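Understanding the architecture of this molecule
In case you want the letters, here they are:
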Amino acid sequence: QVQLVESGGGLVQAGGSLRLTCAVSGSSVSSKPMAWYRQAPGKQREWIARIYYSGLTSYLESVKGRFTISRDNAKNTVYLQMNGLKPEDTAVYYCNAVTGDYGWGQGTQVTVSS
C-alpha cells in the first residue's frame, strides 16, 4: 500500500518561501508522474505542479515562475519549492500521482498572511 506523507507547511508572510516535502513509501516516485495539489477553504482540490518520467514539469498558470516541483529518486521524495507566496496560496497541500491513483495523505497546511 502506498503511503504519502506531506510536511513543510506553516505560516509565512506574503513574499516568503516554503519548501514542502512528500515522502513516498510503497512505490517509487520514478514509477509514475507525480503532482502537487492544493485545496483552499470552500474550494475543490486542484493540481498545481506535475513532474513526469523525463523530469519535464508543468504548472498551474497562477504559480508558474514562483513554484518548482522536483523529486529525489534515491530518497523517494517529491518536493515543492514555493517562493513569492501570496495570501491566495493559502491552502492544504497534498501530493499524489498525476492520475490520483494513490490514497490521499493528510496534507500540510500553508497559510500566507498579508
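Okay, so let's go over this structure. (Residues numbered from 1 in each chain as written. Predicted model: local features only at pLDDT ≥ 70, side-chain atom pairs only at ≥ 80, totals over all residues. Heavy atoms only, no water.)

Moving on, we come to the sheet that holds strand β7 (residues 67–72). Strand order in the open sheet formed by four strands is β1-β3-β8-β7, and the pairing between neighbours is antiparallel. Every interior strand has two partners, whereas the edge strands, β1 (3–7) and β7, have only one. Adjacent strand axes in the sheet meet at a mean angle of 15° when their direction is disregarded. Pairing of β1 with strand β3 (residues 18–25) involves five bridges; the strand directions are antiparallel. Residue pairing for β3: E6 is matched across the bridge by C22. (Pairing = 2+ DSSP bridges. Helix = DSSP H or I, 4+ residues; strand = E, 2+ residues; numbered from the N terminus. Axes fitted to C-alpha atoms, helices over the stretch in contact; angles between N-to-C directions.)

The next subject is unusual backbone geometry. Residues other than glycine seldom take positive phi values, yet N76 does so here, at roughly 55°. Position of N76 relative to the elements: it lies in the loop between β7 and β8 (77–82). Taking the relative accessible area as the measure of exposure, N76 reaches 15% and is therefore buried. (Buried < 20%, exposed > 50% of the residue type's maximum accessible area, 1.4 Å probe, protein only.)

Another point: the environment of T77. Position of T77 among the secondary structure elements: in strand β8. With sequence-adjacent residues up to four places away left out, T77 is seen in contact with T21, C22, A23, V29, S70, R71 and D72. (Contact = heavy atoms within 4.5 Å.)

What follows is about the nonpolar core. Core analysis: the largest hydrophobic core is formed by 29 residues, its most contacted members being W36, I48, F67, I69, L80, M82 and Y93. Contributing elements (two or more residues each) for this core: β3, β4 (34–39), β5 (46–51), β7, β8, β9 (91–97) and β10 (108–113). Those residues in contact with F67 that lie beyond four places of it in its chain are R38, I48, Y59, L80, Q81, M82, N83, L85, D89 and Y93. (Core = buried A, V, L, I, M, F, W, Y, C linked by side-chain atoms within 4.5 Å.)

Applying the stated rule across the entire model yields one disulfide. With its sulfur 1.8 Å from that of its partner, C22 forms a disulfide with C95. Between C22 and C95 the sulfur-sulfur dihedral comes to about 45°; the bridge is accordingly right-handed. With C22 in strand β3 and C95 in strand β9, this pair connects stretches of sequence that are 73 residues apart. Each member of the pair, C22 as well as C95, carries the same accessibility label: buried. (Disulfide = S-S within 2.5 Å.)

Just geometry here; none of it tells us what the structure is for.
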